[in-house]
Amino acid sequence: MKAIILDGYGGSDRLRLMDRPEPSPQAGELLVKVRAAAVNPVDWKIRRGDLRPILWLRFPYIPGGDIAGEVVAAGPGVTRFQPGDAVVAFVDMKRGGGYAERAVVKESAAALKPQSLSFAEAASLPIAGVTALQALRDAGRLREGGSALIHGGAGGVGHFAVQIAKAMGARVTATCGPSNVAFVESLGADSVIDYTKEEFPRRPDRYDVVFDAVAKSSFPACRHLLERGGVYVTTLPDPGVLFWGAVQALAGLFGPAPRAKFLMVRPQGTDLEFLGRLADEGRLRPSLALTLPLERSREAQDASQEGHARGKIVLEVGS
Ligand SMILES: NC(=O)c1ccc[n+]([C@@H]2O[C@H](COP(=O)([O-])OP(=O)(O)OC[C@H]3O[C@@H](n4cnc5c(N)ncnc54)[C@H](OP(=O)(O)O)[C@@H]3O)[C@@H](O)[C@H]2O)c1
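Residues numbered from 1 in each chain as written. Predicted model: local features only at pLDDT ≥ 70, side-chain atom pairs only at ≥ 80, totals over all residues.

Draft legend 1. The environment of Arg266, seen in detail. Counting through the fold element by element, Arg266 comes out in the loop between strand 13 (259-262) and helix 8 (269-280). Owing to 12 C-beta atoms within 10 Å, Arg266 belongs among the exposed residues under this scheme. Along the sequence, Arg266 and Gly282 sit 16 residues apart, while their C-alpha atoms lie 25 Å from each other. (Helix = DSSP H or I, 4+ residues; strand = E, 2+ residues; numbered from the N terminus. Buried ≥ 20, exposed ≤ 12 C-beta atoms within 10 Å, placed from the backbone.)

In C-alpha cells, the structure reads:
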C-alpha cells in the first residue's frame, strides 16, 4: 500500500511517500481502506520530536490519528462492524498509520460514518471534534442555559467547540482573528471578539466555561472571567495549569471556586457516534480549510504549522 512515512524526527521534508506492507487487524481491531485522513497540529509536533518525552516512536512511522474509510476486514471479537461499513475512527498515535491507503483501528475508537458527511468531512471529527466535546461536556460540565467563551473559535478544535456549545444550549462567545469573524458568526456564536482589536481577558463578562482551544492564554489571565465554580479548560499541559488546578481544587473544598483543567482527548467511539448524530441532525458541520491528496502531506502539515487554518486540513486518499 502507499503510505507517507517518517524515518526520523525533523522538518516536513522528512515526510515521504513509500510502499509499505498492509497492516493486519488483531483481536478487537478493524482494517480500514482509508478514504481521508485529517491533519492535526499533533502530527507535526510528533514529527519534530516535541512529544518525545511521552511518545517514543519506532521508525519508520506513518503519521495520522484521524481517518474515515471503509472496513475491509475485522479481527477476532469485533461485533459492531463488518466489511463494507463506512466508518470514522481514531488511529492509535503511538502505532501511527492514518496517512496511508490502509489503517488498523480499535473497534472501540470507531463509529459508523455520519451519512450526511463526506469521507473528508468525517475524517476531521475524531481528534478535533471529540476534544471539543470532552472539553465542554466532561471537563467544563457545560449545561443548557450556561455560558462559554471559546478562545480560538476558527480552528479545528475551536470551530467544533462553538457548534457543540450551541448544540448544548449554551450562550457562546468566541475569539478569532479579523479574517475569521464572519466565519465564526456563521457557526452560531452569539458574540465574536476579534483578538487583534480587543484583549478578551479585559472583558467584564463572566462565563461558566472558558475553553482555550488554541492554548494561547493562561488560567491566571482568565480566572476573573469565570463565574463562581466556573472552569478554565486548555488543550496543552503546562505547569501553571497543573499548579492552579491543584490549588483551586483545594480552595473548592471550602466553597465554589474557579478551576483550571487540562484536557487530553480520549479516543472514544461513543463520542464519535454522538458527534455523528449532531451532524446528521444538521447541528454540526465540519469546515474544511484545505483538502489535498495524500502525496501532498508536506504542504498539508506546513499549512497546519502556520497556525491559521480556518477549520480542518484533510488528506484525501485513493479514489
Ligand atoms: N490535548 C489534546 O488532546 C489536544 C487535542 C487536539 C488539539 N490539541 C492542541 O490544541 C491546539 C489547537 O488545535 P487545533 O487543531 O484547533 O489547531 P489549528 O486548527 O491549527 O488552529 C488554528 C486556529 O488557531 C487560531 N488562532 C491562532 N492564534 C490565535 C490567537 N492568538 N487567538 C485566537 N485564535 C488563534 C487561528 O485563527 P485566526 O487565523 O483567526 O487567528 C486558526 O483558526 C493545538 O496546540 C493542538 O496541538 C490538543
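Alright, that's what it looks like, and here's the rest.
Draft legend 2. Focus on the site of the ligand. As a matter of local geometry, the ligand sits amid 32 residues, with Gly155, Gly156, Val157, Gly177 and His308 nearest to it. Mapped onto the shell around the ligand, the elements with two or more residues apiece are helix 1 (41-48), helix 3 (125-139), helix 4 (156-167) and strand 9 (171-176). Taken together, the residues that form the shell around the ligand break down as 16 nonpolar, 14 polar and two charged. (Near = placed C-beta within 6 Å. Nonpolar A, V, L, I, M, F, W, Y, C, P; charged D, E, K, R; others polar.)

Draft legend 3. Representation of the pairing of strand 5 (residues 86-90). Of all the five residues making up strand 5, four are buried; the element is thus mostly covered by neighbouring parts of the structure. Bridge count between strand 4 (residues 66-74) and strand 5: five bridges; the pairing is antiparallel. Residue Gly69 lies in a different strand from strand 5, and its bridge partner there is Val87. Pairing of strand 5 with strand 7 (residues 110-112), which is carried by three bridges, proceeds in the antiparallel orientation. Looking across to strand 7, one finds that Val87 is bridged to Leu112. (Pairing = 2+ DSSP bridges.)

Draft legend 4. Region of interest: unusual backbone geometry. Phe59 connects to Pro60 through a cis peptide bond whose omega is 0°. Inspection of the secondary structure assignment puts Pro60 in the loop between helix 1 and strand 4. You will see that Arg141, though not glycine, has its phi angle at about 50°, which is positive. Take Arg141: it is sitting in the loop between helix 3 and strand 8 (147-151). You can call Arg141 partly exposed: it has 15 C-beta atoms within 10 Å.

Draft legend 5. The nonpolar core, seen in detail. Grouped together as the largest cluster of nonpolar side chains are 93 residues, with contacts concentrated most on Val105, Ala123, Leu136, Ala148, Ala161 and Ala165. Of the residues forming this core, the biggest block, nine residues, is contributed by helix 3. Counting contributing residues, this core receives three or more from each of domain 1 (2-124 + 286-316) and domain 2 (128-262). Contacts of Ala123, omitting those with residues within four sequence positions, involve Ala36, Ala37, Ala38, Asp66, Ile67, Ala68, Val88 and Val314. (Core = buried A, V, L, I, M, F, W, Y, C linked by C-beta atoms within 7 Å. Domains from an automatic or database assignment. Contact = placed C-beta atoms within 7 Å.)

Draft legend 6. Local environment of the sheet that holds strand 12 (residues 226-234). What the six strands build is an open sheet, ordered 10-9-8-11-12-13; its pairing is parallel. Each edge of the sheet is formed by a strand with only one pairing partner; in this case those strands are strand 10 (191-194) and strand 13. Each neighbouring strand pair of the sheet contributes to a mean axis angle of 15°, computed without reference to strand direction. As defined by bridge partners, strand 8 adjoins strand 9 across four bridges and the pair is classed as parallel. Across the sheet, the residue bridging to Ala148 is Val172, located in strand 9. (Axes fitted to C-alpha atoms, helices over the stretch in contact; angles between N-to-C directions.)

Draft legend 7. Examining the domain arrangement of the protein chain more closely. Considered domain by domain, the protein chain is made up of domain 1 (2-124 + 286-316) and domain 2 (128-262). The straight-line distance from the C-alpha centre of domain 1 to that of domain 2 is 28 Å. Listed by partner, the interface residues are eight residues for domain 1 and eight residues for domain 2. Each residue belonging to the side of domain 1 that touches domain 2 can be placed in one class, and the counts come to one nonpolar, five polar and two charged.

Draft legend 8. Region of the structure containing the packing of helix 1 against helix 9 (residues 297-306). In contact at an axis separation of 9 Å, helix 1 and helix 9 are set at 105° when each is read in the N-to-C sense. In terms of orientation, helix 1 and helix 9 fall into the roughly perpendicular class. From helix 1, Pro41, Asp43, Trp44 and Arg47 reach across to helix 9, where they touch Gln301, Ser304 and Gln305. (Parallel < 35°, antiparallel > 145°, perpendicular 65-115°, else oblique.)

Draft legend 9. Looking closely at helix 3. Within helix 3, twelve of the 15 residues are buried, leaving the element largely enclosed by the surrounding structure. Among the residues making up helix 3, those that are buried are Leu125, Pro126, Ile127, Ala128, Gly129, Val130, Thr131, Ala132, Leu133, Ala135, Leu136 and Ala139. Of the residues one or two after helix 3, Arg141 is the one with positive phi, at around 50°.

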